[in-house]
Structure formats: C-alpha cells, structure tokens
Amino acid sequence: MITVIAATFSIVWFVVTLPFRLVIGAISLLGRLTGIAVGFTLMAVGMAFCAGPFFLIGVPMFLIGLLLTLRCLG
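Residues numbered from 1 in each chain as written. Predicted model: local features only at pLDDT ≥ 70, side-chain atom pairs only at ≥ 80, totals over all residues. Heavy atoms only, no water.

(A) Fine view of the environment of L73. Mapped onto the elements, L73 comes out in helix α2 (residues 55–73). Judged by its relative accessible area of 57%, L73 is exposed. For L73 and R32, which are 41 residues apart along the polypeptide, the C-alpha to C-alpha distance reads 7.4 Å. Each residue touching L73, except ones within four places of it in the same chain, is listed here: R32 and I36. (Helix = DSSP H or I, 4+ residues; strand = E, 2+ residues; numbered from the N terminus. Buried < 20%, exposed > 50% of the residue type's maximum accessible area, 1.4 Å probe, protein only. Contact = heavy atoms within 4.5 Å.)

Set out below in structure tokens:
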C-alpha cells in the first residue's frame with residue numbers, strides 16, 4: 001500500500017514539475033547557443049585582427065572567444 005502511494009506521489013510530482021523543467025532546460029539551451037555564437041564571432045574577429053596590424057588585440061580576442069566557445073560546449 002505504501003508503495004502505491006509513493007508511486008502515485010512520484011507520478012504527480014513528475015507531471016507538476018515537468019513544465020518548469022522544460023522552461024529551465026530551454027533557457028539553458030538558449031544561453032549555451034548564445035555563448036557559442038558570441039564565442040565563434042570573437043574567434044573570427046580575433047583571427048581577422050591577427051591577419052592585420054592589430055595583432056595585440058586579435059590574439060586575446062581569439063583566446064577569449066575560444067575559451068567561451070569551449071566553456072559553452074562542455
């Protein structure tokens with residue numbers, strides 16, 4: 001009898017919290033995708049600066065973009 005009550009409570013708790021977990025998961029996914037996009041943009045701009053006369057700006061920009069992208073992928 002206790003097992004049935006525990007199973008019922010678990011099912012109800014799963015159904016009640018499902019929308020919240022879906023919204024939090026979607027926000028987390030969008031945050032990671034935004035971080036990847038910004039990181040890749042920083043890497044591309046950093047490499048463009050490295051090819052030109054702004055080498056001292058390009059290298060740190062590339063490294064920051066690389067670290068941001070790797071952080072969002074991991």
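(B) Local environment of α2. In this model, α2 (19 residues) spans 27 Å end to end at C-alpha, consistent with the 27 Å of a helix rising 1.5 Å per residue. Regarding α2, the residues found buried are G58, M61, G65, T69 and C72. In an axial view of α2, the angular spread of the buried residues amounts to 75°, which keeps them on one side of the axis. For α2, the exposed residues set more than 90 degrees away from the buried face come down to L56, I64, L67 and R71. Along its buried surface, α2 packs onto α1 (2–51). (Expected span 1.5 Å × (residues − 1). Arc of directions from axis to C-beta.)

(C) Molecular detail of the side chain of T69. Looking at the element boundaries, T69 is found in helix α2. Given the relative accessible area of 10%, T69 is considered buried. The contact partners of T69, leaving out residues within four places of it in the chain, are I36, G39, F40 and M43.

(D) Focus on the packing of aromatic side chains. Counted by the stated rule, this structure contains two aromatic pairs. Their ring planes at 20° and their centres at 6.3 Å tell us that F9 and W13 sit as a pair that is stacked. Of the two residues, F9 and W13 are both situated in helix α1; the distance of four residues between them amounts to about one turn of the helix. Just as F9 is exposed, W13 falls in that class too. With centroids separated by 5.7 Å and ring planes inclined at 65°, the aromatic side chains of F49 and F54 adopt a geometry described as edge-to-face. Judged by its relative accessible area of 29%, F49 falls in the partly exposed class. By relative accessible area, which is 45% here, F54 ends up partly exposed. (Phe/Tyr/Trp six-rings, centres within 6.5 Å; stacked < 30°, edge-to-face > 60°.)

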